[in-house]
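Reading the structure
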Amino acid sequence: MPISIHYQTASKEWKQAESDAAIPSDALFIWYDFVQASTEESELLTTQFHFDPLAIEDTIKTVSRPKLKEYPQYHFLVCHLVNEDDYRARAVNLFMKGHILVTYHQDGLNKLGNIGEEIQKRYPSQPVTPADVALIILDFIVDSYFEYVYHVEDEVFSFEDRHVNDTAGNKLMEDVFQIRAVMIKLKRVILPMQELIQHLKEETAFTKTKKQRIYLHHIEDHIIKQMNIIKSAQEMTSDIRDNYDSLSSYRLNNVMKILTLVSVIFLPLTLITGIYGMNFLHMPELQWDYGYVAVLVVMLLISIGLIIYFKLKKWF
């Protein structure tokens, strides 16, 4: 995919160039955006911009943890997008060198919104620095998390409606574990980004002006809100899981209680049938004409007596 080049003219206008040759020499700011760069395009990071080989390796071959690394001539910043398919991290790498910003990533940043319009909106009549644009990109990235965070929150809040008629717990608990799995994946992206923003607050490159400090605080507020939503959703799913465990234990106890009572009722009956099933020749009642009926009556009376006793004890 061709490299996208944007620049700010001396008259503070925001324009796009087809190539380096089209960039005026008096441009105040230049932004090179590498999207799904080819091998030849990736080599420009070395031949044209002369970035550190280790930073280039982190950019091209790996998904590094969000970080800010300072080199003698530039800053290297790594941010994370959320992959909408599996909620895994997708790296957005930024190099800030003088009045030049180089971004390298696999997904188009246009999915986040019109960054160019946001730059013009925030800096209509003043020069833009790489740190300014980096903060705007960081804000767009953090704001993109809300789509996934709100989706998880909606899933948790609508949980009762979706499972109101569930009598078996398999589907219910499967849904709980799926929601919690998504939350864990989101935390693996958002939490390191929160740590990165804390680090940026201590870096002079991003806090030179009052406007930058306010903007960075605004981004931090958003990511704190997202973490609070996830934390609240996790607590709610934990409550759902605990309630289900309590309900399962209650149902199991009731089943065991009924089985125990039935066993107690049948125990004396089994004893009587066992005694008269020994087949000894000399048993007094075996030759009695009413022996069979008498034993059945005794067994019935024992059963009724035990049932009445359990009812009085409120065990039934």
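Preceding this section is the structure that the text describes.
Let me sum up the structure you'll find in this document.

About the cut-offs
- Residues numbered from 1 in each chain as written.
- Predicted model: local features only at pLDDT ≥ 70, side-chain atom pairs only at ≥ 80, totals over all residues.
- Heavy atoms only, no water.
- Helix = DSSP H or I, 4+ residues; strand = E, 2+ residues; numbered from the N terminus.
- Rg over C-alpha atoms; globule rule 2.2 N^0.38 Å.
- Buried < 20%, exposed > 50% of the residue type's maximum accessible area, 1.4 Å probe, protein only.
- Contact = heavy atoms within 4.5 Å.
- Areas by Shrake-Rupley, 256 points an atom, 1.4 Å probe, with all protein chains shown as cover.
- Salt bridge = Lys/Arg side-chain N within 4 Å of Asp/Glu carboxyl O.
- Core = buried A, V, L, I, M, F, W, Y, C linked by side-chain atoms within 4.5 Å.
- Expected span 1.5 Å × (residues − 1).
- Arc of directions from axis to C-beta.
- Axes fitted to C-alpha atoms, helices over the stretch in contact; angles between N-to-C directions.
- Parallel < 35°, antiparallel > 145°, perpendicular 65-115°, else oblique.
- Left-handed = near helix turned anticlockwise from the far one by under 90°.
- Nonpolar A, V, L, I, M, F, W, Y, C, P; charged D, E, K, R; others polar.
- Pairing = 2+ DSSP bridges.

**A short note on the overall build of the protein chain**
- Scanning the protein chain for helices and strands turns up 9 helices and 7 strands.
- Scaling as 2.2 N^0.38, a compact globule of 316 residues should have a C-alpha radius of gyration of about 20 Å, whereas the protein chain reaches 36 Å, well beyond that.
- Dimensions along the principal axes, computed over C-alpha positions, put the protein chain at roughly 125 × 40 × 30 Å.
- Taken over 316 residues, the protein chain has a buried fraction of 41%.
- If you take every contact in the protein chain between residues at least 6 apart in sequence, the share linking residues at least 24 apart comes to 62%.
- Summed over its atoms, the accessible surface of the protein chain is roughly 18600 Å², and 57% of this surface lies on carbon and sulfur atoms.

**With respect to the pattern of salt bridges**
- Evaluated as defined, the whole model comprises 6 salt bridges.
- Residues R65 and E195 are paired through a salt bridge, measuring 2.8 Å at the closest nitrogen-oxygen approach. Taken together, the positions of R65 in the loop between α3 (53-61) and β4 (67-70) and E195 in helix α7 (residues 169-200) put the pair 130 residues apart, joining distant regions of the chain.
- Owing to a relative accessible area of 42%, E195 belongs among the partly exposed residues under this scheme.
- D86 is the partner of R88 in a salt bridge, and the nearest nitrogen-oxygen pair spans 3.7 Å.
- Judged by relative accessible area, which is 26%, D86 ranks as partly exposed.

**Some words on the nonpolar core**
- If you look at the biggest cluster of nonpolar residues, it comprises 57 residues, and the most contacted ones within it are W31, L77 and F206.
- Contributing elements (two or more residues each) for this core: β3 (29-35), β5 (75-82), β6 (89-97), α4 (115-122), α5 (130-157), α7 and α8 (210-275).
- When residues in this core are grouped by element, the largest group, 15 residues, is from α5.
- Leaving out residues up to four positions away in the same chain, L77 has contacts with K67, L68, V92, N93, L94, M96, A134, L196, L200 and F206.
- Membership of the second largest hydrophobic core comes to 24 residues, among which are I5, Y7, Y71 and V78.

**So, helix α9 (residues 291-312)**
- Taking 1.5 Å per residue as the helical rise, α9 with its 22 residues ought to reach 32 Å, and the 31 Å between its terminal C-alpha atoms agrees with that figure.
- If you check which residues of α9 are buried, you get G291, M299, S303 and F310. The buried residues of α9 occupy one face: seen down the axis, they fall within an arc of 110°. Counted as exposed and oriented over 90 degrees from the buried face of α9: L300, L301, K311 and L312.
- Backbone geometry just after α9 places K314 at a positive phi near 60°.

**Looking at the packing of α5 against α8**
- Taken N-terminus to C-terminus, the directions of α5 and α8 make an angle of 20°; their axes are 9 Å apart at the nearest point. By the angle class used here, α5 and α8 are roughly parallel. In this structure, α5 meets α8 at a crossing whose hand is left-handed.
- Tallied by class, residues from the contact of α5 with α8 come to 20 nonpolar, 5 polar and 5 charged.

**Considerations on the pairing of β3**
- Extensive coverage of β3 is indicated by the burial of 7 of its 7 residues.
- The alternating pattern of β3 places F29, W31, D33 and V35 and I30, Y32 and F34 on opposite faces, both of which are buried.
- When strand β1 (residues 4-8) meets β3, the two strands line up antiparallel, connected through 5 bridges. When the bridges of β3 are listed, Q8 appears paired with F29.

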